[in-house]
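# Fold and contact review
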Amino acid sequence: MSANQFNLKLKNFWKELLSYFNVAEDLEPQQDVEQSIRSGVDFKGSQLLVLIFAIFIASLGLNTNSVPVVIGAMLISPLMGPIIGMGLGIGIADYELLRRSLRNISMAVLGSLAASAIYFLISPQYEGSSQLLARTSPSIYDVFVALFGGAAGFVSIACRNKGQVMPGVAIATSLMPPLCTAGYGIATWQSQFFLGALYLFFTNMLFILVATWIGVKVLKYKGVVYQNPIRSKRVQTLVTIIVFATIGVSCFLTYQMIRKNIFMAKAQAFIEQEMVFPNTQVLSHKEYVDGGKRYIDVTLIGTALPKDSLQLAMLNKLDSVGLGGTILQIKQGFSVSNMATTSGSPEKNFAEFYNLAQQELIQRQSMIDSLNGIIKSHTWFNDQSLVIAPEIKVLFPQIKDIALSKMVATPVEKMTPDTISIIFIRTNSGFTEKDKKKLTDYLKVKYNDPTLGISVNPYGFPWPE
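Each chain carries its own residue numbering, running from 1 in the direction its sequence is written. Two thresholds apply to this predicted model, a pLDDT of at least 70 for residue-level local features and 80 or more for giving and counting side-chain atom pairs, whereas whole-chain, interface and lining totals are computed over all residues. Excluding hydrogens and water, the side-chain figures rest on all heavy atoms present in the structure.

## Looking at the pairing of strand β2 (residues 293-302)
Strand residues, when the strand is regular, have side chains that alternate between the two faces of the sheet. Which entries qualify depends on this criterion: Any two strands between which DSSP finds at least two bridges are classified as paired. Segments assigned H or I by DSSP are reported as helices when at least four residues long, segments assigned E as strands when at least two residues long, and all are numbered from the N terminus.
Here strand β1 (residues 280-290) runs beside β2; their pairing, made up of 10 bridges, is antiparallel. Within β2, the residue paired with Glu287 across the bridge is Ile296. Taking the residues between adjacent antiparallel strands as the criterion, β1 and β2 are bridged by two residues, where Gly291 takes a positive phi near 65 degrees. Relative to strand β3 (residues 327-331), β2 is paired through five bridges, and the arrangement is parallel.

## Digging into the confidence of the model for the protein chain
Where we set the bar: Predictor confidence is given residue by residue as pLDDT, running from a minimum of 0 to a maximum of 100. Contacts were defined at the residue level, with two residues in contact if any of their heavy atoms lie within 4.5 Å.
Averaged over the protein chain, the pLDDT score is 77; the fraction of residues at 70 or greater is 83%. Long-range and interchain partners of residues 335-343, a stretch whose pLDDT sits below 50, account for 12 contacts in this model, where long-range means more than four residues apart.

## Side note on the packing of helix α3 (residues 46-63) against helix α6 (residues 95-122)
Helices that pack against each other are described as a pair by the angle of their axes relative to one another and the distance between those axes. Which entries qualify depends on this criterion: Axis definition: a line fitted to C-alpha atoms, limited for helices to the stretch in contact. Angles are taken between N-to-C directions and run from 0 to 180 degrees. In what follows, roughly perpendicular refers to angles from 65 to 115 degrees, roughly parallel to angles under 35, roughly antiparallel to angles over 145, and oblique to any angle outside these ranges. Take the far helix as your reference; a near helix turned counterclockwise from it by less than a right angle gives a left-handed crossing, and one turned clockwise gives a right-handed crossing. Classification used: nonpolar for Ala, Val, Leu, Ile, Met, Phe, Trp, Tyr, Cys and Pro, charged for Asp, Glu, Lys and Arg, polar for all others including Gly.
Relative to each other, α3 and α6 sit at 45 degrees, their axes nearing to 9 Å. Relative to α6, the element α3 lies oblique. Taken as a pair, α3 and α6 cross one another with a handedness that is right-handed. Each of Leu51, Ile55, Phe56, Ser59, Leu60 and Asn63 in α3 lies in contact with α6, whose residues at this interface are Ala108, Gly111, Ser112, Ala115, Ser116, Tyr119 and Phe120. Across the contact of α3 with α6, the residue classes break down as eight nonpolar, five polar and no charged.

## Quick word on the environment of Glu272
Structurally, the position occupied by Glu272 is in helix α12 (residues 229-274). Linking Glu272 and Val282, residues 10 residues apart in sequence, is a C-alpha distance of 8.8 Å.

## A short note on the side chain of Thr440
Within the secondary structure, Thr440 sits in helix α16 (residues 433-447). Apart from the residues within four sequence positions on either side, Thr440 is in contact with Leu452 and Ile454.

## Describing the sheet that holds β2
If you trace the three strands from one edge of the open sheet to the other, you get β1-β2-β3, paired in mixed fashion. Every interior strand has two partners, whereas the edge strands, β1 and β3, have only one. Each strand of the sheet is rotated relative to its neighbour by a mean of 15 degrees, with strand direction disregarded. Across the sheet, α12 is in contact with β1 and β2; its angle to β1 comes to roughly 165 degrees. Where helix α13 (residues 307-320) meets the sheet, it contacts β2 and β3, and its direction lies at approximately 145 degrees from that of β3.

## Structural notes on the packing of aromatic side chains
Keep this limit in mind: Pairs were defined over the aromatic rings of Phe, Tyr and Trp, the Trp ring being its six-membered one, requiring ring centres within 6.5 Å. Orientation was assigned from the angle between planes: stacked under 30 degrees, edge-to-face over 60, tilted for the rest. Whether a residue is buried, partly exposed or exposed follows from its accessible area with a 1.4 Å probe, protein chains only, as a fraction of its type maximum: under 20%, in between, or over 50%, in that order. In our convention, an over-ring charge means Lys NZ or Arg CZ found within 6 Å of a ring centre and within 35 degrees of that ring's normal.
Tallied over the entire structure, the rule returns six aromatic pairs. Aromatic side chains Phe154 and Tyr221 sit 6.2 Å apart centroid to centroid with 55 degrees between the ring planes, which places their arrangement in the tilted category. Taken together, the residues Phe154 in helix α8 (residues 140-158) and Tyr221 in the loop between α11 (191-218) and α12 connect sequence positions 67 residues apart. Here Phe154 falls in the buried class, since its relative accessible area comes to 2%. Lying across the ring of Tyr288, Lys286 places its NZ or CZ 5.1 Å from the centre.

## Details of the sheet that holds strand β4 (residues 399-409)
Spatially, β4-β5-β6 is the arrangement adopted by the three strands of the open sheet, whose pairing is mixed. Whereas interior strands pair on both sides, the edge strands pair on one side only; in this sheet they are β4 and β6 (453-456). Going from strand to strand, the sheet's axes swing by 25 degrees on average, the running direction of each strand aside. As defined by bridge partners, β4 adjoins strand β5 (residues 418-427) across 10 bridges and the pair is classed as antiparallel. Within the sheet, the bridge partner assigned to Ile399 lies in β5 and is Thr427.

## Observations concerning α8
Put simply, the test is: Take the number of residues in a helix, subtract one, and multiply by 1.5 Å to get its expected span.
For α8, built from 19 residues, the straight-helix expectation of 27 Å at 1.5 Å per residue is met to within 8% by its first-to-last C-alpha distance of 27 Å. Of all the residues in α8, the buried ones are Ile140, Val143, Ala146, Gly149, Gly150, Gly153, Phe154, Ser156, Ile157 and Ala158.

## Quick look at helix α2 (residues 30-39)
As a reminder, the rule being used: It is the directions from the helix axis to the C-beta atoms whose arc is reported.
Those residues of α2 that fall on the buried side of the exposure criterion are Gln30, Val33, Glu34 and Ile37. All buried residues of α2 project into a common sector of 100 degrees when viewed along the axis, lining one side. Opposite the packed face of α2, turned more than 90 degrees from it, sit the exposed residues Gln31 and Gln35. Tucked inside the fold, the buried residues of α2 contact α5 (80-91) and α8.

## Quick word on the pattern of salt bridges
The test is simple: The working definition used for a salt bridge is a side-chain nitrogen of Lys or Arg within 4 Å of a carboxyl oxygen of Asp or Glu.
Applying the stated rule across the entire model yields seven salt bridges. A salt bridge links Glu34 to Arg38, with the shortest nitrogen-to-oxygen separation between them at 3.1 Å. Of this pair, Glu34 and Arg38 are both found in helix α2, four residues apart, which corresponds to roughly one turn of the helix. The class of Glu34 is buried, set by a relative accessible area of 14%. The partner of Asp441 in a salt bridge is Lys437, and the shortest N-O contact between them spans 2.9 Å. Separated by four residues within a single helix, Asp441 and Lys437 lie in helix α16, roughly one turn from each other.

Below is the structure:
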């Protein structure tokens, strides 16, 4: 194949590959796309009712820690409309559309916060669930999710072949649950819930908007006729500054989250590997970060250890595993009477105590069974002298006495003990090396022990008279 033919095939392959990403033939006219987006901006009539219902569904799902219910609320929520409208308004410099979208999304946010706060004020279940906590930790990953989700949503609106993209975008970008979590923060006066969840919603909203804005620019939609270039430049600059500021904050929060996760993993490994004592066990432990300081709380059960020397030893080990500066709080002398004063509910502590006692019993029974097995093995081997004595008497009549035993042998230099099987015999004269080898081979096969050894007429052995 010549170089020209190769280049031609490569060019055709590249052209065919790019054709798979060409959406020009599938695009709807700009006028139709604008009409579709503008129609979804307003919250009136059925749209407002759907939003209210979605708020209560999301609040119920978060309150009961139900993932399917939360997903259902995200699917029916109409919040995507005004957000995409804002992106379109910035992209084509239609500031009337931008103002209308801002007004509607602001009313939607205020209504969502009020409705969810009212729900959580009257809800009998007051504690935060894992689904609520998951909506209070924004990071750079949420930026990418919202950006790519918004891009997918805009492409589905701009193309004829829409498929089932928008429901997936609604689930991925997660707009409704953060608002309900912020309402929970208002109802319970917990600022970390309110601020974290509201920032997560703002991040998702902003980057859905940015994805729509970028899509409008990429598809080269025409701007409105009456646009003001100076005003357009000012708005786009302001949005760009907000975008980069949000990315910076998200990067910082992600860095903090990664540091916390690393600390939690190291702290748990430290407790499992270092806090191991003969007669004392870890009943419960908690690792957390508060006010920029790292804490490890450990509750011990069993024999009380010297407090000062234990604390010093553990702090030195913390430094060696990269946890220097961590505040270690050790509680011991744990008993049933003071369960109510330990961290966590009394029921939880009783359950932990019961489980630990059960584990301790299982471990002790396993150790007893193991020791019984060892004793049985040694006793069985020692008693074999009565079993094989008649056989030995027939095969080797010159042998008078025999004794079997398992012994522990330890090399003085290596200090690595090992168990060996040995047989002592007392014979009259006439027991040759050939007889000794024959007897050794016979007993090795009989007891399936290749390490078995024989000692003939050991000096000073206390043979029975």
